[in-house]
Amino acid sequence: MKYIIMMNTMRAGHGVPEWPQKDLQAHIAFMIGLNKELQQSGEFVSAEGLSFPDQAKLVQAGKDGLPVTDGIFPESKEFLAGYWIVDVDSPERAYAIAARVSAAPGAGGKPLNMPIEVRPIMSGPPPEML
Amino acid sequence: MTNPWDATSEHLLRELAPQVLGAVSRRFRDFSSAEDAVQEAMIAAFTQWPEEGIPDNPRGWLIQVASRRLTDQVRGEIARRERETAVARETDIVVPTVEIESDMDPDDTLILLFMCCHPALTSSSAIALTLRAVGGLTTAEIANAFLVPEATMAQRISRAKQNIKASGVPFRVPSPQEHSERLPVVLHVLYLIFNEGYASSIGSHLQRLDLAREAIRLTRCAKGLLPEDAEVTGLLALMLLTDARRAARTGPDEELIPLDKQDRTLWDQAKISEGIELLTATLSKGSVGLYQLQAAIAAVHDEAARAEDTDWPQILALYELLKRVAPSPMITLNHAIAAAMVHGPSKSLELLRALDKGARLAGHYRLDAVRAHLLEMVGDHESAIKHYRIAASRTTSIPERNYLMTQAARLAGD
């Protein structure tokens, strides 16, 4: 079963994390290591990191159908920083991976304990319906 | 009679792809269907040859399989039309007879290269079609290299062929005028394939096809077909001289290592020598173009045993030439770096202020990254940190973002 593991941690108005170099490097190494691990376990489907919120635009069609963009977001809004799609044997395994992501090291090497959203990805119809 | 499949066989098969496609296209006068049929023949060969051995006449085998596919398709098409019009009559189906010639027409590969790198195509479709029709890669391999679903890539290729058909380019060697107009497009597409490979070899997509190697192979092939063209040779030299540093440009955590911090003992000396040899041969012919000059700059870097031995005055002179031959804001930016290394950073910071006003580069992360670097050189760490961070938030490359964030953190920690 496939799950999407979403890291909704960015905040509007906040740019690059201002951590000491050592902590920043540890965080980067953790993320790269996690991806490698998921590839080796055969659970990795895809993963993408997204740009910082200051590059985000909110687009709506105007009356003429043309795009109207808005780039100003309220401070409190949370942004998707990145996501993983994994193919795992049980929901518990997806939660375990999410917990690993949540505990990624931050400033001072302390676990960030970020809130991570896990949702099942819809699949095709079950065999009995085919 | 067959020959065993070994490590060089895949290379042989890929070289044959454009020759077979040339022969089949000419015979059936339908490039688009011929291209699909050759793709099927290639997949058949990739499946059968490793087990059954390579046929004695591999090119003939491929032409025959592709032609059979096309013939079946033509028959099927006629049968479908007959059913639809409900005309029940015997028809003599005329399909071109296939005789296997032993001679080869190397021009076919060149025709195909010019056809696939057609100005009517977007660069993403030109790249996809070139890799399939000239490079002999399967749709699945190309899709994997660009991390898109196979169906998406198949659609991109088929739309590219529709555009070529609509533009009405005949299947023939371009006239001298067409040749000189369109060669830059061909070289640009090859350059983009190389860059894609160079950029994507970082990151966790380890199983991806080596596009940089594929670009070098195709450019080598183009050089064989156009030995007198200095820019083709220049492009090949540029690729070799850049690719030579591949092993040194990332660290254990896939972090980017800039040129001045690389372990130069990891550079591939064989590639450097070949690149320099090619470059020297073209420069002696007198003309200089965009790729030759970039190759010359890469060569100056490669020739320095230590970063501090880099001949910056020579690099600066080459950038000055480049600014005249092919002016662009990106070249102005690189020129500013070289100027800073020779004359110090203050003057270069002024040069950047001029670029702030230009529409093409204003707000581009590279401008901030270079400004941060120069500000660091003049000792204004506070502003340097600010611009490293702006650059980090604007780049769309994760390894580069990591690199720029780390630069800011390094200065902030000092």
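Look above for the structure.
Summarised in this report is the structure supplied together with it. The structure displayed is predicted, hence computed values, not measured ones.

### What about the overall build of chain A?
Of regular secondary structure, chain A possesses two helices and eight strands. The N-to-C order of helical and strand elements in chain A reads β-β-α-β-β-β-β-β-α-β. Computed over its C-alpha atoms, the radius of gyration of chain A comes to 18 Å, more than 25% above the 14 Å expected for a compact globule of 130 residues. Dimensions of chain A along its principal axes, counting C-alpha atoms only, are 50 × 45 × 20 Å.

### A few points about the overall build of chain B
Broken down by element type, chain B carries 18 helices and two strands. Along the three orthogonal principal directions, the C-alpha set of chain B runs to about 90 × 45 × 45 Å. Burial analysis of chain B (414 residues in total) assigns 40% to the buried set. Here the contacts in chain B between residues at least 6 apart in sequence split such that 63% fall between residues at least 24 apart.

### Section: the interface of chain B and chain A
Opposite the 18 residues of chain B that make contact, chain A presents 19 residues. For the side of chain B that touches chain A, the elements supplying multiple residues, two or more each, are helix 17 (381-394) and helix 18 (398-413) of chain B. When residues of the side of chain B that touches chain A are assigned to their parent elements, the largest contribution, nine residues, is made by helix 18 of chain B. Its residues assigned to classes, the side of chain B that touches chain A shows six nonpolar, six polar and six charged.

### A short note on the pairing of strand 7 (residues 82-87) of chain A
Residue and element names in this part refer to chain A. For strand 1 (residues 2-7) and strand 7, the ladder comprises six bridges, and the chain directions are antiparallel. Paired with Ile4 across the strands is Ile85, a residue of strand 7. Alignment of strand 3 (residues 44-49) against strand 7, held across five bridges, turns out to be antiparallel. If you follow Glu48 over to strand 7, its bridge partner there is Tyr83.

Procedures and definitions
- The numbers attached to residues start from 1 for each chain and follow its sequence in the written order.
- Chains and ligands are labelled sequentially in the order written, the chains with letters from A and the ligands with numbers from 1.
- Confidence filtering applies because this is a predicted model: local features only for residues at pLDDT of at least 70, side-chain atom pairs given and counted only at 80 or more, and all residues used for totals across whole chains, interfaces and linings.
- Strands are runs of DSSP state E lasting at least two residues, helices are runs of H or I lasting at least four, and both sets are numbered from the N terminus onward.
- Radius of gyration: over C-alpha atoms. The globule rule applied is 2.2 Å multiplied by the number of residues raised to the 0.38 power.
- Counting other C-beta atoms within 10 Å of each residue's C-beta, where C-beta atoms are placed from the backbone, gives the exposure class: buried for 20 or more, exposed for 12 or fewer, partly exposed between.
- Any two residues are considered in contact once their C-beta atoms, placed from the backbone, lie within 7 Å.
- Residue polarity is assigned by list, with Asp, Glu, Lys and Arg as charged and Ala, Val, Leu, Ile, Met, Phe, Trp, Tyr, Cys and Pro as nonpolar; anything else, Gly included, falls into the polar class.
- A pair of strands is treated as paired once DSSP finds two or more bridges between them.

So yeah, pure geometry; function would need other evidence.
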